[in-house]
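Read off the chains here:
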Amino acid sequence: MDTLTQEITNALQVMPSHIREVISRTPWQKKLEEISIKYSLTPEQSQTLLVEVILVLVAIVPEEELVENIKNELGVSDVLANQLTTEINERVFMWLGKLFIEKEQQHNTSQTQIIKATQNNALDIPPPNLPGEVLEEDTLAQQPSRLNPHQTEHETPSPYTP
């Protein structure tokens, strides 16, 4: 695996799972292909554009550098680089941004529900045998003394027994 692929893989691994899911399971690459066709990019330029967009998506390269990187890496004019960047912002980044927000809200809602459910269950389940718990007299009479392991079930413990 080359260094760039490793960097992208590492960046994806540290992202929250719901963000990774949006990046990996949405058709944003199809939108990018449509942009490439619209602007008559070669297959090599399309592939390079894809890499540049991925680098921005996984936060390896700041979005502010995208215009310059497109210009330099694709070998296109300033005008075309600006047009591509504008369209990528509108059709890919803004669209993904909305999906990120929706997924984040869903994630936060599910986390809140899990926390509430856990708290509710914790309140419903009494802990067994709390210290200082008062037991019924019959229960006390049936329990052997902890001080005298030889005591029979029905004997009353003596305070003087070692």
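Across its full length, the chain holds 7 helices and 0 strands. Along the chain, helices and strands appear, N-terminal first, in the series α-α-α-α-α-α-α. Burial statistics for the chain: of 162 residues in total, 27% are counted as buried. In the form shown here, the chain has an accessible surface area of approximately 11700 Å², with 54% of it arising from carbon and sulfur atoms.

Attention now moves to the packing of aromatic side chains. Counted under the stated rule, the structure contains 0 aromatic pairs. Here K31 stacks its cationic end above the ring of W95, 4.6 Å away from the centre of that ring.

The next subject is the confidence of the model for the chain. Mean pLDDT over the chain stands at 80; residues scoring 70 or higher make up 68%. Here helix α7 (residues 137–142) stands out as the element of the chain with the lowest mean pLDDT, 51, in contrast to helix α5 (residues 66–74), whose mean of 97 is the highest.

Once that is clear, we can look at the packing of helix α3 (residues 28–38) against helix α4 (residues 43–57). As a packed pair, α3 and α4 sit with axes 10 Å apart at the nearest point and diverge in direction by 135°. With respect to α4, the element α3 is oriented oblique. For the crossing formed where α3 meets α4, the hand is right-handed. Of α4, the residues touching α3 (which contributes W28, Q29, L32 and S36) are S46, L49, L50, V53, I54 and L57. Tallied by class, the residues present in the contact of α3 with α4 amount to 7 nonpolar, 3 polar and no charged.

Although it is not a glycine, S40 sits at a positive phi angle of roughly 55°. If you trace the backbone, S40 turns up in the loop between α3 and α4. Of note, the phi angle at A59 is positive, near 65°, even though the residue is not glycine. Its place among the elements puts A59 in the loop between α4 and α5. For A59, a relative accessible area of 65% corresponds to the exposed category.

A separate point is helix α2 (residues 17–25). Every buried residue of α2 is accounted for by H18, I19, V22 and I23. Projection of α2 onto a plane perpendicular to its axis shows the buried side chains occupying an angular sector of 140°, all on one side. With respect to the buried face of α2, the exposed residues turned more than 90 degrees away are S24 and R25.

Bringing the environment of L4 into the picture now. Mapping L4 onto the fold places it in helix α1 (residues 3–14). A sequence separation of 47 residues divides L4 from V51, and the C-alpha atoms of the two residues are 9.4 Å apart. Ignoring any residue separated from it by four or fewer positions in sequence, one finds L4 in contact with V51 and L55.

Tracing the backbone through its elements, the reader meets S36 in helix α3. Those residues in contact with S36, other than ones at most four positions away along the chain, are L41, S46 and L49.

Here we come to the environment of L74. Examined against the element boundaries, L74 turns out to sit in helix α5. Residue class for L74 comes out buried when judged on its relative accessible area of 7%. In this structure, the C-alpha to C-alpha distance between L74 and Q47, residues 27 residues apart in sequence, is 9.5 Å. Non-local contacts of L74, meaning those with residues more than four positions away in its chain, are made with L41, Q45, T48, L49, N69 and L84.

What counts and how
- Residues numbered from 1 in each chain as written.
- Predicted model: local features only at pLDDT ≥ 70, side-chain atom pairs only at ≥ 80, totals over all residues.
- Heavy atoms only, no water.
- Helix = DSSP H or I, 4+ residues; strand = E, 2+ residues; numbered from the N terminus.
- Buried < 20%, exposed > 50% of the residue type's maximum accessible area, 1.4 Å probe, protein only.
- Areas by Shrake-Rupley, 256 points an atom, 1.4 Å probe, with all protein chains shown as cover.
- Phe/Tyr/Trp six-rings, centres within 6.5 Å; stacked < 30°, edge-to-face > 60°.
- Lys NZ or Arg CZ within 6 Å of the ring centre and 35° of its normal.
- pLDDT = per-residue confidence, 0-100.
- Axes fitted to C-alpha atoms, helices over the stretch in contact; angles between N-to-C directions.
- Parallel < 35°, antiparallel > 145°, perpendicular 65-115°, else oblique.
- Left-handed = near helix turned anticlockwise from the far one by under 90°.
- Contact = heavy atoms within 4.5 Å.
- Nonpolar A, V, L, I, M, F, W, Y, C, P; charged D, E, K, R; others polar.
- Arc of directions from axis to C-beta.

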